[in-house]
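In case you want the letters, here they are:
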Amino acid sequence: MATTMYSTMYVDDIREIKEENPFESMMSRFDRAAQLLDLDPDLYAVLRVPNRELKVYIPTKMDSGRIQVFEGFRVQHNFARGPAKGGIRYAPDVNIDEVRALAAWMTWKCAVVNVPFGGAKGGIICDPQQMSVGELERMTRRYAAELLDFIGPEKDVPAPDMNTNEQTMAWIMDTYSMHARHTVTAVVTGKPIDLGGSSGRREATGRGILIVVNEAIKRFKMTPAETRVVVQGSGNVGGIGARLLHESGYKVVAISDIHGGIYNPGGINIPNALEYLRTTRSFEGYEGVEFVSNEELLELECDVLVPAATENQINSQNADRIKCKVLAEGANGPTTAAADEILHRNGVFVVPDILANAGGVTVSYFEWVQDRMGYFWREDVVNERLQDKMVASFNDLCRYADAHSVDTRTAAYMLAIDRVAYDTRMRGIYA
Ligand code: NAD
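Rules behind the numbers
- Residues numbered from 1 in each chain as written.
- Predicted model: local features only at pLDDT ≥ 70, side-chain atom pairs only at ≥ 80, totals over all residues.
- Heavy atoms only, no water.
- Helix = DSSP H or I, 4+ residues; strand = E, 2+ residues; numbered from the N terminus.
- Rg over C-alpha atoms; globule rule 2.2 N^0.38 Å.
- Buried < 20%, exposed > 50% of the residue type's maximum accessible area, 1.4 Å probe, protein only.
- Pairing = 2+ DSSP bridges.
- Phe/Tyr/Trp six-rings, centres within 6.5 Å; stacked < 30°, edge-to-face > 60°.
- Lys NZ or Arg CZ within 6 Å of the ring centre and 35° of its normal.
- Salt bridge = Lys/Arg side-chain N within 4 Å of Asp/Glu carboxyl O.
- Axes fitted to C-alpha atoms, helices over the stretch in contact; angles between N-to-C directions.
- Contact = heavy atoms within 4.5 Å.

Asks: Got a minute to help me understand the overall build of the protein in this structure?
Replies: Within the protein, the secondary structure is distributed over 15 helices and 12 strands. The globule rule puts the C-alpha radius of gyration for 431 residues at 22 Å, and the 21 Å found for the protein is close to it. Along the first, second and third principal axes, the C-alpha set of the protein runs to 65 × 60 × 40 Å. Looking at the protein as a whole, 58% of its 431 residues qualify as buried.

Structure representation (structure tokens):
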């Protein structure tokens, strides 16, 4: 009886989706999955909100000698399956709504690949391009000091995100260790290899893309050599993903950066094109290709499309013109909730972001395990374990989608929520 009453409430509670808002987008998918699972209303009430949201003010001595106070956040969405896990981003426009959505996304992502973490995310409102290395270090250390009671290998394990990197993680690890009075490498992941980082971590997200694409094309009985791939973005995910796909015999026919892309239906020599981009900082002038805008690139004829740049690229305006068979989402949130329906109707097989780009968090989990053992694995061992985990998760997802007759996006959320809900139910709600 109570379930029926609350089930009706989900429907009333599904707001009109503001297409470009990541929090709205995440919540609409969460609500749909919760409704299909007929999730117990008490669990629904607990899982739809974060466990904790911290707001900190970060006094930082600037090079001028003056103090500037920055505003920062850390949202810990869920701890049911283990410590919270998620990146820290530095950006002028980062806000609590965005951090809250990203923290929840991390919970679902960790659950889909079945690693024993909950979700978290952090951010500082700042413009890192306008700050010196010294200013960034002092701001990072003070932020870490403000979070001392809330992070730790058993509590919450930060990682790099937009505008943060291995150096940022090394500063956080050092600050935390100074207060603990001993070196605690497992407090962050994405560290330099010499300081307890994992082999294979830098390539892990791109490698995860390769693994899910390998599995997805089997569904279409295609081989790499006959598979045309378009990649949007040429950074850590897009660039490395494209290179690994190329090395595995795929025909990568287009790739872009923020300024636009290059296209050759016969295939592009990806290592060569990426080297050209690295040295000239643009694809402009690259020979033997046609130049296309990022919008045109998404609509090219291809078998596999990998949006690996930024969010909201595939939306209600262009979803009908997407021609791929497989959409492997390298970026977080590249497809809006409104576009999902159109892609599903057009028969596009979507490997949702919370699975497709989970290679990074999976190897972060391996890094945390290695730090805690104090024993480090060879890169081929890391890659093999990543392969096992991603393939198992891909198969879990497809089975779940078939069993519930839902699209893969909905299945990914249902699978994740089901796992977190089961663990929460077994632990009991301490209320
Ligand atoms: P990156 O900064 O290394 O590369 C981003 C690429 O996208 C660059 O080539 C850039 O020129 C291009 N780009 C940026 N804005 C664009 C725009 N508006 N239109 C077209 N191209 C644009 O970043 P990354 O680490 O490769 O991350 C890409 C996406 O993948 C993000 O959504 C990120 O959250 C997500 N992601 C990254 C990781 C990781 O391990 N790096 C893991 C999971 C998800």
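Asks: I tried to follow the pairing of strand 10 (residues 304–307) on my own but got confused; where do I start?
Replies: Across a regular strand the side chains alternate sides, sitting on one face of the sheet and then on the other. With burial as the criterion, each face of strand 10 is covered, one bearing Val304 and Val306 and the other bearing Leu305 and Pro307. As judged from the four bridges shared by strand 6 (residues 228–232) and strand 10, these two strands associate in the parallel manner. Bridged to valine 230 within strand 10 is leucine 305.

Asks: Honestly, the packing of aromatic side chains in this entry has me stumped. Any pointers?
Replies: Where two aromatic rings form a pair, the distance of their centres and the angle of their planes describe that pair. Tallied over the entire structure, the rule returns 10 aromatic pairs. Each ring, one from phenylalanine 117 and one from tyrosine 365, has its centre 5.7 Å from the other, and the planes form 90 degrees; the classification is edge-to-face. With a gap of 248 residues between them, phenylalanine 117 in the loop between helix 4 (96–112) and strand 4 (118–125) and tyrosine 365 in helix 13 (residues 359–373) connect regions that are remote in the sequence. In this structure tyrosine 365 comes out as buried when scored by relative accessible area, which is 18%. Ring geometry for phenylalanine 366 versus tryptophan 377: centroids 5.4 Å apart, planes at 50 degrees, classification tilted. Taken together, the positions of phenylalanine 366 in helix 13 and tryptophan 377 in the loop between helix 13 and helix 14 (379–404) put the pair 11 residues apart, joining distant regions of the chain. Each member of the pair, phenylalanine 366 as well as tryptophan 377, carries the same accessibility label: buried. Between arginine 100 and the ring centre of phenylalanine 23, over which it is positioned, the NZ or CZ distance is 5.9 Å. Note that arginine 372 overlies the ring of tryptophan 368, its terminal NZ or CZ placed 4.1 Å from the centroid.

Asks: How should unusual backbone geometry be read in this particular structure?
Replies: With the exception of glycine, the majority of residues adopt a negative phi angle, and the majority of peptide bonds are in the trans configuration. One non-glycine residue, arginine 281, lies in the positive phi region at around 65 degrees. In this structure, arginine 281 sits in the loop between helix 9 (270–280) and strand 9 (290–292).

Asks: Would you explain the environment of alanine 328 in this entry?
Replies: Within the secondary structure layout, alanine 328 lies in strand 11 (residues 326–328). The spacing of alanine 328 and glycine 200 is 128 residues in sequence and 21 Å in space, taken between C-alpha atoms.

Asks: For this particular structure, what's the right way to read the pattern of salt bridges?
Replies: Once the charged atoms of two side chains with opposite charge are near each other, the side chains can pair. Tallied over the entire structure, the rule returns 32 salt bridges. Salt-bridge contacts for arginine 378 lead to aspartate 380; the nearest nitrogen and oxygen are separated by 2.9 Å. We classify arginine 378 as exposed; its relative accessible area is 56%. Under the relative-accessibility criterion, aspartate 380 is labelled partly exposed at 41%. One network of salt bridges, in which partners are shared, links Arg29, Glu329, Asp340, Asp353 and Arg409.

Asks: Can you walk me through the sheet that holds strand 8 (residues 260–263) in this structure?
Replies: As a general point, the strands of a sheet are linked pairwise by backbone hydrogen bonds and lie either parallel or antiparallel. Pairing within the open sheet is mixed, and its seven strands lie in the order 9-8-7-6-10-11-12. Strand pairing shows two members of the sheet lacking a second neighbour, strand 9 and strand 12 (349–351), which therefore form its edges. When strand polarity is set aside, the average angle formed by the axes of neighbouring strands in this sheet is 20 degrees. Pairing analysis gives four bridges linking strand 7 (residues 251–257) to strand 8, with the strands arranged antiparallel. Residue pairing for strand 8: alanine 254 is matched across the bridge by tyrosine 263.

Asks: Whenever I open this one, the sheet that holds strand 2 (residues 67–76) confuses me. Can you help?
Replies: Here five strands make up an open sheet; going across it, the order is 1-2-4-3-5 and the pairing mixed. At either margin of the open sheet sits one strand with a lone partner, and together these are strand 1 (52–61) and strand 5 (156–160). When strand polarity is set aside, the average angle formed by the axes of neighbouring strands in this sheet is 25 degrees. Pairing of strand 3 (residues 84–91) with strand 5 involves five bridges; the strand directions are parallel. For glycine 86, the partnering residue across the bridge sits in strand 5 and is proline 158. Here helix 4 sits on the sheet and contacts strand 1, strand 2, strand 3 and strand 4; the angle it forms with strand 4, its principal contact strand, is near 155 degrees.

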